[in-house]
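These are the residues of each chain, in order.
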Amino acid sequence: MFPGCVTEAAGEDGAPTLKVDFDQLRQELSDSIVEGPQERYHLDWPGKRQALITANAPIAKTLRPCREESVDFDTTQNLFIEGDNLEALKLLQETYLGKVKMIYIDPPYNTGNDFVYDDDFSESTAEFLERSNQTDEAGNRLVANTTSNGRFHSDWLSMIYPRLKLARSLLCADGVIFINIDDGEVGNLRKAADEVFGEENLIANIIWQKKYTRANDARWFSDNHDHILCYARDKQGMSLNLLPRNEEQLAAYSNPDNHPKGPWKATPLHAKSGTNTNSFTFESGVTWTPPTGTFRRFNDESMKRMEQEDAIWFGSNGSQMPSRKSFLSEVKAGVSPVTIWPYDEVGHNHEANNEVKALGLGGLFNNPKPTRLLARAMVLATGSDDIILDFFAGSSTTGHAVFQQNADDGLNRKVVLVQLPEPVEESKPAYKAGYSTISDLSKERIRRAGAKILEGDTHPDWNKDVGFRVLKIDSSNMTDVYYTPDATTQADLLTRVDNIKPDRSPEDLLFQVLLDWGVDLTLPITRETLHGKTVFFVAGTALAACFDDGVDEVLVKDLAARAPMRVVFKDTGFKDDATKINVKQIFKSLSPDTDVKAI
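Figured I'd write up the structure that's included with this text. Every value quoted in this text rests on a predicted model; they were computed, and no experiment measured them. (Residues numbered from 1 in each chain as written. Predicted model: local features only at pLDDT ≥ 70, side-chain atom pairs only at ≥ 80, totals over all residues. Heavy atoms only, no water.)

**Looking at helix α15 (residues 438–455)**
Turn by turn, an α-helix covers 3.6 residues, leaving residues three or four places apart pointing in a common direction. The end-to-end C-alpha separation of α15 is 26 Å, in line with the 26 Å expected for 18 residues at 1.5 Å each. Where α15 is concerned, the buried positions are S439, L441, S442, K443, E444, R445, I446, A449, G450 and I453. (Helix = DSSP H or I, 4+ residues; strand = E, 2+ residues; numbered from the N terminus. Expected span 1.5 Å × (residues − 1). Buried < 20%, exposed > 50% of the residue type's maximum accessible area, 1.4 Å probe, protein only.)

Right, here's the structure in full:
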């Protein structure tokens, strides 16, 4: 559960050993800074303990639905969450704990010219709860991190570390995370990720060739690559998919002798290592000896069997150096991935810019990624119905890539995107085009991408879900008294009979209930009018909710007769005290398995 708490240390006899770092473990479980003098092998920086507290600090926030900015709100299984990604990761802990198959993020590279999140959770839990329930002034904030900052690397690490910790808990047992980064912070990122995920769970440091031309004006080297660090939640309990063979790889197989097993290619009978260097004489009379410095790959019995099965190739005239026929029908269904991803296979920066340009959004995004890059990761790490998360959505390349890959292979992956409503500078082309925030631009990109994909040829098995349900992070739907009872006077209580804020809609309350109960936020929602009241039904009988006033026993009995798994009412919404008292008894009698709640 805490891979970062296992460290290298000296044993009682002075010999090196692995030990539990109890100081670090105490810090993981504490809401205050824990001091510890123990020497150990670990990554440290000013603010690290505070970053741990940041990851553990509770928040009094909720997700509010925004139908007018969504696409296919009632039926889509994709989410676009607008708000601070640290808060989003905390809000998703109940619903998506251990359910995400793949995470891809492209965080700020910390070049000295970009921004990082400024997370201020230094106050006590009570103070933080009180502040986070108000209009947020300290959260949801980006600050410039210039190279002149005395804590340049430390501030970046303090930003990324708690987000990685929260992200890890969302990954399923065989889940994978891909993190895009450049040379500037790759060393620090790798050490931080080693702590969070365990260095034994590093799958690869992938090198992506992001440019196809040489920058001759470079002072030292032309910067043509990025790193993509790939970690597993549990490396030993997962495996990657194979990549399909490309045309060049398939062209290596042919069938010049019309063998009944189909196409094959000649492969050596010798290997680089082994012990057997003896010669072998085939029934054809040809004697073969492994070349100097190599060894036989197969024993005599295997060689005889292959010759009997016509699986040895002696050349077109029957007298050439023998080799084995490796049949396409008998090899793996694909090829293993390599750690270098060239631009001609997965795209480059120029291609990424052309993709957004084709959507009428050219020049509005900074450094988008090509969809083929995300497609490569998806093919390796996901299958049908898997959930993919990107909590630095930016230009929404991940959302676009998920839609396109599903359309290509017929799988029905789901995507969750998170993006801060970062204001666009008025001097930028995006602002002049009518986009006031990065999140507005991100949403528009996937709207256009989805519509364009539907116009083309798609796989017949694809469900054609290019929609997304927009949810915006906001203060809780509950009034301040709900969180600060100690500071509430009797007069406050008399004026606050209803503990729900007056500007919140029934659908706002519904999504808070979904969050609190850990119910899937993408389940289909329908609404019906029963006995003059609006009732929401989530996935049929997964949840029923009525937040109207004047709920009477007739409505309660009608809902109980439908036997929903969960039912929720507004605490002040009952017609009278008798109904409020009897509601649980009614469900206990008519639907004893229903979980009943009032807010």
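**Examining the environment of Y104**
Within the secondary structure, Y104 sits in strand β5 (residues 100–105). On the basis of relative accessibility, which here comes to 3%, the residue Y104 falls in the buried class. Apart from residues lying up to four places away in sequence, Y104 is in contact with F178, N180, K369, L373, L374, L389, D390, F391 and T398. Among the polar contacts listed, one links the side chain of Y104 to the side chain of N180, at a separation of 2.9 Å. (Contact = heavy atoms within 4.5 Å. Polar contact = N/O pair within 3.5 Å; in protein donor to acceptor, adjacent residues only side chain to side chain.)

**Here we look at the sheet that holds strand β24 (residues 543–546)**
An order of β22-β23-β24-β25-β26 is seen for the five strands of this open sheet, with the pairing classed as mixed. Each edge of the open sheet carries a strand with a single partner, namely β22 (525–530) and β26 (595–598). Within the sheet, the average angular offset between the axes of one strand and its neighbour, ignoring direction, is 20 degrees. In the sheet, strand β25 (residues 566–569) pairs with β26 via four bridges, with the strands oriented parallel. Counterpart to F569 in the pairing with β26 is A598. (Pairing = 2+ DSSP bridges. Axes fitted to C-alpha atoms, helices over the stretch in contact; angles between N-to-C directions.)

**Comments concerning the environment of K501**
Mapped onto the fold, K501 is located in the loop between α17 (490–495) and α18 (506–517). Given the relative accessible area of 13%, K501 is considered buried. Separated by 25 residues in the primary sequence, K501 and S476 place their C-alpha atoms 8.6 Å from one another.

**With respect to the pattern of salt bridges**
As enumerated under the stated definition, the model contains 33 salt bridges in all. Across the salt bridge formed by D386 and K101, the nearest N and O atoms sit 3.6 Å from each other. Note that D386 is positioned in the loop between α12 (371–381) and β19 (387–390) and K101 in strand β5, a separation of 285 residues in sequence. Close ionic contact of K210 with D226 constitutes a salt bridge, the shortest N to O distance being 3.0 Å. Residue K210 is found in the loop between β9 (202–209) and β10 (225–232), and its partner D226 is found in strand β10; the two are separated by 16 residues along the sequence. Overall, the relative accessible area of 9% leaves K210 in the buried class. D226 sits in the buried class, given a relative accessible area of 1%. One network of salt bridges, in which partners are shared, links R64, D474, D503, R504 and D508. (Salt bridge = Lys/Arg side-chain N within 4 Å of Asp/Glu carboxyl O.)

**Here we look at the sheet that holds strand β3 (residues 61–65)**
Within a sheet, neighbouring strands are paired by backbone hydrogen bonds and run either parallel or antiparallel to one another. Spatial strand order, β3-β21-β4-β20-β19-β5-β8-β10-β9-β18: ten strands in an open sheet with mixed pairing. In the strand order of this sheet, the two ends are held by β3 and β18 (340–341), each with one partner. Together, β5, β8 (171–181), β9, β10, β18 and β19 form the strand contacts of α12, whose direction differs from that of β5 by roughly 155 degrees.

**With respect to the pairing of β9**
For β9 and β10, the ladder comprises seven bridges, and the chain directions are antiparallel. Within the sheet, the bridge partner assigned to L202 lies in β10 and is Y231. Looking at chain direction, β9 and β18 are connected through two bridges and run parallel. Bridge pairing in β18 places I207 opposite I340.

**Some thoughts on the packing of helix α13 (residues 397–409) against α15**
Relative orientation of the contacting elements α13 and α15 amounts to 15 degrees, with a least axis distance of 9 Å. Between α13 and α15, the interaxial angle falls into the category roughly parallel. Between α13 and α15 lies a crossing whose hand is right-handed. Two secondary-structure elements touch here, α13 through T397, G399, H400, F403, Q404 and A407 and α15 through R445, I446, A449, G450 and I453. Considering only residue class, the contact of α13 with α15 consists of five nonpolar, five polar and one charged. (Parallel < 35°, antiparallel > 145°, perpendicular 65-115°, else oblique. Left-handed = near helix turned anticlockwise from the far one by under 90°. Nonpolar A, V, L, I, M, F, W, Y, C, P; charged D, E, K, R; others polar.)

**What about helix α9 (residues 300–308)?**
Every buried residue of α9 is listed here: S302, M303, M306 and E307. Viewed end-on, α9 has its buried residues packed into an arc of 135 degrees, placing them on one side of the element. The outward face of α9, more than 90 degrees from its buried face, is lined by the exposed residues E301 and Q308. Of the surrounding secondary structure, the elements contacted by the buried residues of α9 are β13 (280–281), β14 (287–288), β15 (295–296), β16 (312–313) and β17 (323–327). Two or three places before E301, at the start of α9, stands the capping residue N299, its side-chain oxygen 3.3 Å from that residue's backbone nitrogen. D310 occupies a position one or two residues after α9 and carries a positive phi of about 55 degrees. (Arc of directions from axis to C-beta.)

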